[in-house]
Every structure is written in C-alpha cells, then in structure tokens.
Amino acid sequence: MKIWQVDFYRSPVQETSGQVLWELLICNPTRSFEYTATCHQSAASSHWLASQIKLASGDKLPDVIQVFRPQSLSLIQAAGNNLNIQVAPTRHTPALKQWLAEKQYPLALDQPPPTPLPENLWGEQWRFATLPSGELVDVFAELPIPIFSAPEFLHPINLGLASTVPIPGVIIYGGRQSMPLARWLAAAHPVALNYIPGDPNGLVLEAALVDRWIVATFTDPDVAAAGKVYEHRQQQSRGLHFLLVQPDDSGMTYTGFWLLTAEN
C-alpha cells in the first residue's frame, strides 16, 4: 500500500514582495520520497493540490494520504475525492513531523479547552489498570470485542518493548451505557488518555486531530496516587497505554478496546 503524509499550510517564508506563500510537503513514512511545491495564497485550492499530487505521484497515485493539520484537511480531502484517494486524518505522521521540525516550521496546533464527556454516556465506575506487555494484544485479540482498535504500529513488539514491561490503562465499567459509550468513543477516534494533576485531578482524552474530552475528575488522594503511577508507567512503556470499556467487572463480556499512545 502506498501511503503519503501530507501538509499544506502557510509557509513561514514570504516572498520579497511580501506575498504569503502556501507550501505543500509530501513524504512517505520512511522519507525515501519527498516532494515540495509552493503557491501564492490566492492560488491555494483543491484543484492546485490535485494537480500537484498527480505530478508528484508519477505512474501510481497513493492509496492513502495521512493529514495531521486541521487547517489542511478540507482542501486535501477535496483533492483526494477528485482523485479517488482515501484521506485519513491522524495525529500519527512521524515522518512528516520530523521533516517539519528539521525545517524549523511550527508544529504546535491550537487546541480547544477540554469538554466534559456527555453525561448520558457515562458509565458506573472506572479504574486504573496494568497488563504485561506480552499479554496486551494477544489476550484481547482473542476475545469477542465488538469495537477493537489495536493498530500494528502500536503493538508492544513493534515498539521494542519487552514482554514484562507493565502497560498502563483505564477500564470503564459502562453498565447499560457500555455500548453507547464505546460507539461514541469509536466515532471520536481516541488518541491518548492523560492523567492531569490539579485541583481537581482529571483524566483527559485526546481524540481526532485536536479534540479534548474530560473523562473524569477526582480529588481522592489514593486515586491521585494511582494516576501518578499510571503517568510514570506511560513513560516506561514509551507512551503506550490502553482503554477498555466493559459492562461490569465480571470478566465475561467486553465492549471496546483501544491501544493508545502519548504524543511526542
């Protein structure tokens, strides 16, 4: 499969005339292929993008274009639709972000303040949990879980993690809301679930490209201590963690499972 990571945004570099330029950057996941093009802001359009994608692709268009910047997404999606190319919004574009960093281009995205999780979706209780790296994927992959997201690049073995490394996670017991919650999470596209110390402490879900959701708040010192352990174990697991939704703690049924990773 031919995958490209693409950015199209205002260039930090301006023409001597002062005109604003937009710069297109295209690379594959290994950066063995790179392509750049610029245009004046007045020419920045999906038509221009589609022509550049065709020019860069040679004989074979990409199968998937990955985009991390919200401001780039609509134009690239329109160009992708014109060329019958799947466009995938994702924060995981490490090759492209490395290239932008080398060019000393700004990478920070404006993020909205976190929004509380819809009350009608919230379950009965939740807790921090830990599983050995060697059991994390195999155990859940064999279970009949309706909603299951464990991309290969996040498998512990592909991150170089030993089978004994503890992988932290959060388990939500959703009760009757278990399936509606799991479906909502799937639509939200979870990225990371972070412990945020404060008054109160909280769990914040990073989702989609820039979305943020308050999953829980708490003041209990024991739960806060568990949150610090959760945060520490994420550092040991190279950011890898998991989210599990199940109706109850019987261990009989499961509703949703996600492998997540803290952003660099």
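Parameters and conventions
- Residues numbered from 1 in each chain as written.
- Predicted model: local features only at pLDDT ≥ 70, side-chain atom pairs only at ≥ 80, totals over all residues.
- Heavy atoms only, no water.
- Core = buried A, V, L, I, M, F, W, Y, C linked by side-chain atoms within 4.5 Å.
- Buried < 20%, exposed > 50% of the residue type's maximum accessible area, 1.4 Å probe, protein only.
- Helix = DSSP H or I, 4+ residues; strand = E, 2+ residues; numbered from the N terminus.
- Contact = heavy atoms within 4.5 Å.
- Disulfide = S-S within 2.5 Å.
- Pairing = 2+ DSSP bridges.
- Axes fitted to C-alpha atoms, helices over the stretch in contact; angles between N-to-C directions.
- UniProt positions renumbered as here; feature names shortened; annotations may be inferred.
- Expected span 1.5 Å × (residues − 1).
- Polar contact = N/O pair within 3.5 Å; in protein donor to acceptor, adjacent residues only side chain to side chain.

Naming follows an unreviewed UniProt entry, where the protein appears as Tab2/Atab2 family RNA-binding protein of Umezakia ovalisporum FSS-62.

### Some remarks on the nonpolar core
In this structure, Val 170, Leu 193 and Leu 203 are the most contacted members of the largest nonpolar core, which totals 27 residues. Looking at this core, the element that brings in the most residues is helix α5 (residues 178–188), giving five residues. Leaving out residues up to four positions away in the same chain, Val 170 has contacts with Trp 126, Arg 127, Phe 128, Leu 193, Leu 203, Tyr 230, Phe 242, Leu 243 and Leu 244.

### Here we look at the state of the cysteines
According to the stated counting rule, one finds zero disulfides in the structure shown. Cys 27 forms no disulfide, and the closest cysteine sulfur to it belongs to Cys 39, at a distance of 19 Å. Judged by relative accessible area, Cys 27 falls into the buried class, the value being 0%.

### Considerations on the sheet that holds strand β10 (residues 190–196)
Pairing within the open sheet is mixed, and its four strands lie in the order β6-β12-β11-β10. Sheet topology places β6 (115–116) and β10 at the edges, where each strand pairs with a single neighbour. Note that strand β11 (residues 201–207) and strand β12 (residues 211–218) share seven bridges and pair antiparallel. From the neighbouring strand, Val 204 faces β12, where its bridge partner is Ile 214. Of the strands in this sheet, β10, β11 and β12 are in contact with helix α6 (residues 221–236), which crosses β10 at around 130 degrees.

### Some words on the UniProt feature "domain: RNA-binding protein Tab2/Atab2 C-terminal" (unreviewed entry) in the protein
UniProt's feature table lists "domain: RNA-binding protein Tab2/Atab2 C-terminal" (unreviewed entry) at residues 106–260, given in the numbering used throughout. For residues 106–260, the helix share is 23%, the strand share is 35%, and the end-to-end C-alpha distance is 25 Å.

### Some points on the sheet that holds strand β2 (residues 21–27)
What links the strands of a sheet is backbone hydrogen bonding, and the strands pair in either a parallel or an antiparallel sense. Overall, mixed pairing links the five strands, which are arranged β3-β2-β1-β4-β5 in an open sheet. Each of the sheet's edge strands pairs with one partner strand only, and the pair in question is β3 (34–40) and β5 (86–89). Each strand axis lies, on average, 25 degrees off the axis of its neighbour in the sheet, ignoring direction. As defined by bridge partners, strand β4 (residues 64–67) adjoins β5 across four bridges and the pair is classed as parallel. Bridging across to β5, Ile 65 finds its partner in Val 87. Its contacts with the sheet put helix α1 (residues 46–57) on β1 (3–10), β2, β3 and β4, and the angle it makes with β3 is roughly 150 degrees. Sheet strands in contact with helix α3 (residues 94–102) are β1, β2 and β3, and its direction is about 135 degrees off that of β2.

### Observations concerning α6
Since the α-helix turns once every 3.6 residues, residues separated by three or four places project in the same direction. Between its first and last C-alpha atoms α6 spans 23 Å; for 16 residues at 1.5 Å apiece the expected length is 22 Å, and the two agree. Each element contacted by the buried residues of α6 is listed here: β7 (125–132), β9 (166–173), β10, β11, β12 and β13 (240–246). For α6, the N-terminal cap is Asp 220; the gap from its side-chain oxygen to the backbone nitrogen of Asp 222 is 2.8 Å. Immediately beyond the C-terminal end of α6, within one or two residues, lies Arg 238, with a positive phi of roughly 60 degrees.

### Topic: unusual backbone geometry
Residue Pro 200 follows Asp 199 across a cis peptide bond; omega there is 5 degrees. Along the polypeptide, Pro 200 turns up in the loop between β10 and β11. We note that His 189 has phi near 60 degrees; this positive angle belongs to a residue other than glycine. With respect to the helices and strands, the residue His 189 is situated in the loop between α5 and β10.

### Quick word on the pairing of β1
With six of its eight residues buried, β1 lies for the most part within the structure. Bridge count for β1 against β4 is three bridges, and the pairing is parallel. Note on β4: the bridge partner recorded for Ile 3 is Val 64. Note: β1 against β2, six bridges, orientation antiparallel.

### Points about the pairing of strand β14 (residues 256–261)
Burial analysis of β14 places six of its six residues in the buried class, which makes it a mostly covered element. Judged from the three bridges that link them, strand β8 (residues 147–149) and β14 form a sheet pairing that is parallel. For Phe 148, the partnering residue across the bridge sits in β14 and is Phe 257. In terms of strand pairing, β13 meets β14 through six bridges, oriented antiparallel. Of the residues in β14, the one forming a bridge with Phe 242 is Leu 259.

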